[in-house]
Amino acid sequence: MTAAAAENPASRPQDRRHRRTMRTRAAIEAAALKLFTEQGFASTTVEQIAEAADIAPRTFFRHFPSKDAVLFGDPGRETERMREVLAARPAGEHPMRSLAAALLDAAERIEQDRAQHLMRAELLDGLEHAGDYELHLIRQRWVQDMAALVAERTGTGDDDPRTVAYSITLMSCYGSAMHSWLVGTGGTPLREILARVLDETAGGLAQAADVVGSAVRGSAR
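All of these numbers come straight from a predicted model, not from anything done at the bench.

Draft legend 1. Examining the overall build of the protein chain more closely. Across its full length, the protein chain holds 11 helices and zero strands. Walking the protein chain from its N terminus toward its C terminus, one meets helices and strands in the order α-α-α-α-α-α-α-α-α-α-α. Residue burial in the protein chain is summarised as follows: out of 221 residues, 37% are buried. Relative to all contacts within the protein chain whose residues are 6 or more apart in sequence, the contacts with residues 24 or more apart total 63%. In the form shown here, the protein chain has an accessible surface area of approximately 12800 Å², with 53% of it arising from carbon and sulfur atoms.

Below you can see the structure in the form of structure tokens.
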């Protein structure tokens, strides 16, 4: 037994519950994605997913509100995780640095489930109006949530142009990196691709800011 566990024995049941919850969620996702692939999304029912995962339908609904949430992912859980990461960052840190830390955390977690994310991408590409998986991540799941979290953290409105720009810029980089990671065959980790995309984008943004800033300064003379 570790010293930490001895000092806080109440954490052990919580840890066990969390691991059990994660195992159940993983089993549901695996069963659902397999069925979606074999018989199609529309033809798959929650009851079939529950049976394949060896759980009751009510257990399914404790983890996911619908079968759509299994395919598209749970934005609420990601937002809460992002809020936790941001809360642990230094108070005076630039929002883009804080957001980058949150995206790095997401990249490291996603890295462990590449096969599932690739399967989701292929399934979504085959659904009418589903759109591209990476664009779904950017447009539907995280940009608005990230902007709201930054506004929450900085005390600005979520319609502040800087708040929205920070979120769109970083999520665009993240979506681009994720697309490259999903279609790539070289085995480069997502975090490395993300680092490269961010580095090159940061250099370009600095030059773009210089062009606009010079024009503004010139017109002020």
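Draft legend 2. Representation of helix 7 (residues 95–111) in the model. End to end, helix 7 covers 24 Å across 17 residues, agreeing with the expected 24 Å (1.5 Å per residue, within 8%). Where helix 7 is concerned, the buried positions are P95, S98, L99, A101, A102, L103, D105, A106, A107 and I110.

Draft legend 3. Here's a closer look at a nonpolar patch on the surface. Nonpolar side chains collect at one region of the surface, where V211, V212 and V216 lie side by side and expose about 280 Å² of accessible area between them. Within the fold, V211 resides in helix 11 (residues 190–220). The exposure class assigned to V211 is exposed, which follows from its relative accessible area of 58%.

Draft legend 4. Main features of the packing of helix 10 (residues 161–183) against helix 11. Between helix 10 and helix 11, the shortest axis-to-axis distance is 9 Å and the interhelical angle comes to 135°. Between helix 10 and helix 11, the crossing angle belongs to the class labelled oblique. Crossing of helix 10 against helix 11: the hand is right-handed. Across the interface between the two elements, T169, L170, C173, Y174, A177, M178, S180 and W181 from helix 10 touch L190, I193, L194, V197, L198, T201 and L205 from helix 11. Residue composition of the contact of helix 10 with helix 11, by class: 12 nonpolar, three polar and no charged.

Draft legend 5. Local environment of the packing of helix 7 against helix 11. Contact geometry of helix 7 with helix 11 gives a least axis separation of 9 Å together with a crossing angle of 145°. Along its contact with helix 7, which presents L103, L104, A107, E108, I110 and E111, the element helix 11 presents L190, R191 and L194.

Draft legend 6. Representation of a positive patch on the surface in the model. A contiguous patch of positive charge, built from R16, R17, R19, R20 and R23, is present on the exposed surface. Residue position: R17 is located in helix 2 (residues 11–39).

Draft legend 7. Summary view of the pattern of salt bridges. Within the structure shown, the criterion is met by 10 salt bridges. Between R81 and E84 there is a salt bridge, and its shortest N-O distance comes to 3.5 Å. Here R81 and its partner E84 are both found in helix 6 (residues 75–87), three residues apart, which amounts to about one turn of the helix. For R191, the salt bridge is made with E108, and the minimal N-O distance between the two is 2.5 Å. Taken together, the residues R191 in helix 11 and E108 in helix 7 connect sequence positions 83 residues apart. For E108, a relative accessible area of 34% puts it in the partly exposed group. One network of salt bridges, in which partners are shared, links R81, E84, D105 and R109.

Draft legend 8. The nonpolar core, seen in detail. Ranked by size, the top nonpolar core spans 29 residues in total, and within it M82, L103, W142, M146, Y174 and L190 carry the most contacts. Taken together, the elements giving at least two residues each to this core come down to helix 6, helix 7, helix 9 (133–154), helix 10 and helix 11. By residue number, the principal contributor to this core is helix 10, which donates nine residues. The contacts of L190, once residues within four sequence positions are left out, are A107, I110, E111, Y174, A177, M178 and W181. Core analysis: the next-biggest nonpolar cluster, separate from the first, contains 19 residues, L35, F41, A50 and A53 among them.

Rules used in this analysis
- For every chain, the first residue of the written sequence is number 1, and numbering continues from 1 onward in sequence order.
- Restriction of local features to residues with pLDDT of at least 70 applies here, the model being predicted, together with a cutoff of 80 or more for giving and counting side-chain atom pairs; totals for whole chains, interfaces and linings are based on all residues.
- Hydrogens and water molecules were not included; the side-chain quantities draw on all heavy atoms of the structure.
- Numbering of helices and strands runs from the N terminus; a helix is a DSSP stretch of H or I covering at least four residues, while a strand is a stretch of E covering at least two.
- Three exposure classes are used, based on accessible area relative to the maximum for each residue type with a 1.4 Å probe and protein chains only: buried under 20%, partly exposed in between, and exposed over 50%.
- Whether two residues are in contact is decided by their heavy atoms, any of which lying within 4.5 Å being enough.
- The Shrake-Rupley method, run with a 1.4 Å probe sphere, supplies the accessible areas, and residue values consider only the shown protein chains as cover.
- A helix is expected to reach a length of 1.5 Å times the quantity of its residues less one.
- Candidate patch residues must exceed 30% relative accessible area and have no salt bridge, after which like charges are joined if within 9 Å and Val, Leu, Ile, Met, Phe, Trp or Tyr side chains if within 5 Å.
- Any carboxyl oxygen of Asp or Glu within 4 Å of a side-chain nitrogen of Lys or Arg constitutes a salt bridge here.
- Axes here mean lines fitted to C-alpha atoms, for a helix over just the part in contact, with angles spanning 0 to 180 degrees between N-to-C directions.
- Throughout this description, any angle smaller than 35 degrees is read as roughly parallel, any larger than 145 degrees as roughly antiparallel, any in the 65 to 115 degree range as roughly perpendicular, and the remainder as oblique.
- Crossing handedness: left-handed means the near helix sits turned counterclockwise from the far one by under a right angle, and right-handed means the same turn made clockwise.
- Only Asp, Glu, Lys and Arg are considered charged in this grouping, and only Ala, Val, Leu, Ile, Met, Phe, Trp, Tyr, Cys and Pro are considered nonpolar; every other residue, Gly among them, is considered polar.
- Think of it this way: Lys and Arg go in the positive column, Asp and Glu in the negative one, and His and the chain ends go nowhere.
- Here the site of a charge means atom NZ of a Lys, CZ of an Arg, CG of an Asp or CD of a Glu.
- Residue types Ala, Val, Leu, Ile, Met, Phe, Trp, Tyr and Cys, when buried and joined through side-chain atoms within 4.5 Å, form a set referred to as a nonpolar core.

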